[in-house]
Amino acid sequence: MSSTERPSWAPESIDLDLPNAARVYDYLLGGAANFEQDRIFAEKVLEAMPEARSAARLNRAFLRRAVRFCVETGIRQFIDVGSGIPTAGNVHEIAQALDPDSRILYVDSEPVAVTHSELILRGNANAEAIRADLTDPESVLGSDAAQRLIDLSQPVAVLMVAVLHFIPDDAQPHRAVARYVEAMAPGSHLVLSHAVRQDSTRADTVNELYERSTNPGIGRPPEEIAAFFTGTTLVPPGLLWTPQWRPETPGGAGDHPETSLVQAGVGHKP
Ligand SMILES: C[S@@+](CC[C@H](N)C(=O)[O-])C[C@H]1O[C@@H](n2cnc3c(N)ncnc32)[C@H](O)[C@@H]1O
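Only a predicted model underlies this, so the values are computations on that prediction, with no experimental measurement involved.

What counts and what doesn't
Residues numbered from 1 in each chain as written. Predicted model: local features only at pLDDT ≥ 70, side-chain atom pairs only at ≥ 80, totals over all residues. Heavy atoms only, no water. Near = heavy atom within 4 Å. Polar contact = N/O pair within 3.5 Å; in protein donor to acceptor, adjacent residues only side chain to side chain. Helix = DSSP H or I, 4+ residues; strand = E, 2+ residues; numbered from the N terminus. Nonpolar A, V, L, I, M, F, W, Y, C, P; charged D, E, K, R; others polar. Salt bridge = Lys/Arg side-chain N within 4 Å of Asp/Glu carboxyl O. Buried < 20%, exposed > 50% of the residue type's maximum accessible area, 1.4 Å probe, protein only. Contact = heavy atoms within 4.5 Å. Core = buried A, V, L, I, M, F, W, Y, C linked by side-chain atoms within 4.5 Å. Axes fitted to C-alpha atoms, helices over the stretch in contact; angles between N-to-C directions. Parallel < 35°, antiparallel > 145°, perpendicular 65-115°, else oblique. Left-handed = near helix turned anticlockwise from the far one by under 90°.

Q: Help me out: how do you make sense of the site of the ligand in this one?
A: With respect to spatial proximity, 19 residues lie near the ligand, and among them Tyr 25, Arg 60, Gly 82, Asp 108 and Val 161 are the closest. At a separation of 2.6 Å, an oxygen atom of the ligand approaches a polar side-chain atom of Tyr 25. Taking Gly 82, its main chain carries an N or O atom lying 2.7 Å from a nitrogen atom of the ligand. Looking at the shell around the ligand, the elements with two or more residues in it are helix H1 (21–28) and helix H3 (52–72). The class makeup of the residues in the shell around the ligand is 9 nonpolar, 6 polar and 4 charged.

Q: Any chance you could explain the pattern of salt bridges here in plain terms?
A: Where charged atoms from two side chains of opposite charge come close, those side chains can pair. According to the stated counting rule, one finds 10 salt bridges in the structure shown. Among the ionic pairs, Glu 51 bridges to Arg 202, the shortest N-O distance being 2.6 Å. Remark: Arg 202 occurs in helix H9 (residues 201–211) and Glu 51 occurs in the loop between helix H2 (36–48) and H3; sequence separation between them is 151 residues. For Glu 51, a relative accessible area of 17% corresponds to the buried category. The class for Arg 202 is partly exposed, based on a relative accessible area of 35%. A salt bridge links Arg 148 to Glu 128, with the shortest nitrogen-to-oxygen separation between them at 2.8 Å. Of this pair, Arg 148 sits in helix H7 (residues 144–149) while Glu 128 sits in strand E3 (residues 127–131); the two residues are 20 residues apart in sequence, bridging distant segments of the chain. For Arg 148, a relative accessible area of 48% puts it in the partly exposed group.

Q: What should I look at first to understand unusual backbone geometry in this one?
A: Leaving glycine aside, a negative phi is the common case for residues, and trans is the common case for peptide bonds. Cis geometry marks the peptide bond from Pro 236 to Pro 237, where omega comes out at 10°. In this structure, Ala 162 is a non-glycine residue whose phi angle is positive, near 55°. Looking at the element boundaries, Ala 162 is found in the loop between strand E4 (157–161) and helix H8 (173–183). Taking the relative accessible area as the measure of exposure, Ala 162 reaches 18% and is therefore buried. Here Leu 261, not a glycine, exhibits a phi torsion of approximately 65°, which is positive. Structurally, the position occupied by Leu 261 is in the loop between strand E7 (240–241) and strand E8 (262–268).

Q: When you look at the side chain of Ser 193 in this model, what are you seeing that I'm missing?
A: Positionally, Ser 193 belongs in strand E5 (residues 189–195). Accessibility expressed as a relative area gives 0% for Ser 193, which makes it buried. Separated by 2.9 Å, the side chain of Ser 193 and the backbone nitrogen of Ala 162 make a polar contact. For Ser 193, the residues in contact, after removing those within four places along its chain, are Asn 59, Phe 62, Met 160, Val 161, Ala 162, Val 163, Val 262, Gln 263 and Ala 264.

Q: What is the right way to look at the nonpolar core in this model?
A: A general feature of soluble globular proteins is that nonpolar side chains tend to end up buried together. In this structure, Ile 79, Leu 105, Val 158 and Leu 164 are the most contacted members of the largest nonpolar core, which totals 33 residues. Elements with a contribution of two residues or more to this core: strand E1 (77–81), strand E2 (103–108), helix H6 (137–141), H7, E4, H8 and E5. No other element matches H8, which puts 5 residues into this core. Beyond its immediate sequence surroundings of up to four residues, Leu 164 is in contact with Leu 134, Pro 173, Val 177, Leu 192, His 194, Arg 220 and Phe 228. Listed in part, the 26 residues of the second largest apolar core include Ala 66, Val 91, Tyr 106 and Val 235.

Q: For this particular structure, what's the right way to read the environment of Glu 223?
A: As for its position among the elements, Glu 223 is in helix H10 (residues 222–226). With a relative accessible area of 57%, Glu 223 lands in the exposed category. Here the alpha-carbon distance between Glu 223 and Val 196, two residues 27 residues apart in the chain, equals 9.9 Å.

Q: For this particular structure, what's the right way to read the environment of Pro 270?
A: Tracing the sequence through the fold places Pro 270 in the segment after E8. The exposure class assigned to Pro 270 is exposed, which follows from its relative accessible area of 64%. Residues Pro 270 and Gly 231 lie 39 residues apart in sequence; the distance between their C-alpha atoms is 8.3 Å. For Pro 270, the residues in contact, after removing those within four places along its chain, are Pro 186, Gly 231, Thr 232 and Thr 233.

Q: Where do I start with the packing of H1 against H2 in this structure?
A: To describe two helices that pack against each other, one gives the angle between their axes and the distance between the axes. As a packed pair, H1 and H2 sit with axes 9 Å apart at the nearest point and diverge in direction by 65°. The pairing of H1 with H2 is recorded here as roughly perpendicular in orientation. Pair H1 / H2 crosses with right-handed handedness. Where H1 approaches H2, its residues Arg 23, Val 24, Tyr 27 and Leu 28 are matched on the opposing element by Asp 38, Arg 39, Phe 41, Ala 42, Glu 43 and Leu 46. Counted by class, the contact of H1 with H2 contains 6 nonpolar, no polar and 4 charged residues.

Laid out in structure tokens, this is it:
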């Protein structure tokens, strides 16, 4: 699709000629809410790092297992920050399948992600999508939608899945995450996954590509990812490659979990 063919769900405010992380990820997952420049960009990423597609799927599978885990521990309210363009196995589908009363607030800074989320949430009184930037926690926690859906005096799951690697250090992502943890009631969970910094020419190529998108990427070393869990206790098995986090079958993590590129964990607030 060229930039002259703007579909009704693509707000005028977005630049269709500039690749965007939400739409590139949607393409990697086999979605249709992406444009030519996103697809060209994603193909270049795949050329440098063919495992990027399976890494996206494995990340998504972690999200599903983590949401189920949270519901099993009694959580019925979710704030999914950097929720992305809806795809198979969205948080409200997983949580509401287990308990229809589960309440979900979706948050994303990308207009296409929010527009699509609003479309699929029509008629769902227990879920809402808002456009906000995660580095401004008050705009999320103090939003009308949060006031309506989320009771911060009760345990909540805050999800930050494959989003923090788009937030550079100067935007102070650790400070922002700490604010969400501070706002969570005891018994809450922080569900987080993050691309691990790779030192290779392949990774340099991917980083250079993302530099030219609307979301420059920044992989971090595991110790910096672990620091996001400050104020929580990592639930077993801890912070590991995505397929290693509570696989559904013995051996489900595969022989090369590091090809998932992303580490993940769930923190419990005591
Ligand atoms: C790779 S997608 C991940 C989607 C979903 N969380 C998942 O893991 O399947 C990253 C999402 O983070 C969003 N994002 C990037 N920077 C953000 C910010 N500062 N605030 C909120 N969302 C952001 C992007 O628009 C994109 O939809």
